[in-house]
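Survey of secondary and tertiary structure
Letter by letter, the chains look like this.
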Amino acid sequence: MTIPEGTVWIASQWVVLKHDPAIGHFGQFNSFPNPEILIGPVRGEIAAMTVIHEAIEAAADILDLKMKESEIRCLEHCISGMIIRSPEVVDWIVKELRKSEDGCKRSMAAVN
């Protein structure tokens, strides 16, 4: 499966997600001039973990958190492990958060 390209919502803003094998390493987050995550020449599970890693890095940057690379890597592995080993919990989280998002959209529509 190819890496989905587009935008992802991270820490209150949209961040572009692109596959760019030319970068020559796993991935990177660039905050300037526009926030973007680039995923390098990796596939499958490594690409998925890299997206998680770079999303954490993006959130840390956007929220001005001073995180060490080792802390980002630790969170990447914790989140990846939960997704892999507890898919029913992840499915429940997604379902509940989507219900919450739908409620917010309905509330905003009523205000406008």
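Everything below is about the structure shown above.
Quick caveat, the model's predicted, so the values are computed rather than measured.

So, about the sheet that holds strand E4 (residues 36-39). The 4 strands lie next to each other as E1-E2-E4-E3, forming an open sheet whose pairing is mixed. One side of each edge strand has no neighbouring strand; the edge strands of this open sheet are strand E1 (6-10) and strand E3 (27-30). Geometrically, the sheet is characterised by an average inter-axis angle of 25° between neighbouring strands, direction not taken into account. Of the pairings in the sheet, the one linking strand E2 (residues 13-19) to E4 comprises 4 bridges and is parallel in character. Among the inter-strand pairings, Lys18 is bridged to a residue of E4, identified as Leu38.

A one-sided burial pattern is seen for E3, the buried positions being Gly27 and Phe29 and the unburied ones Gln28 and Asn30. In the sheet, E3 pairs with E4 via 4 bridges, with the strands oriented antiparallel. The partner of Phe29 across the bridge, within E4, is Ile37. Counted along the chain from E3 to the antiparallel partner E4, the turn is 5 residues long.

What counts, and where the lines are drawn
- Within each chain, residues carry numbers counting from 1 in the order of the written sequence.
- Only residues with pLDDT of 70 or above have their local features reported here, since the model is predicted, and side-chain atom pairs are shown and tallied only from 80 upward, although totals for entire chains, interfaces and linings are computed over all residues.
- Computation of side-chain values covers all heavy atoms of the structure but excludes hydrogens and water.
- The criterion for strand pairing is that DSSP finds at least two bridges linking the strands in question.
- The helix count covers DSSP runs of H or I at least four residues long, the strand count covers runs of E at least two residues long, and both are numbered beginning at the N terminus.
- Between N-to-C directions, angles span 0 to 180 degrees; the directions come from axes that are lines fitted to C-alpha atoms, helices contributing only their stretch in contact.
- Buried residues are those whose accessible area, probed at 1.4 Å on protein chains only, stays under 20% of the maximum for their type, while exposed residues exceed 50% and partly exposed ones sit between those limits.

Any link to function would need more than the numbers given here.
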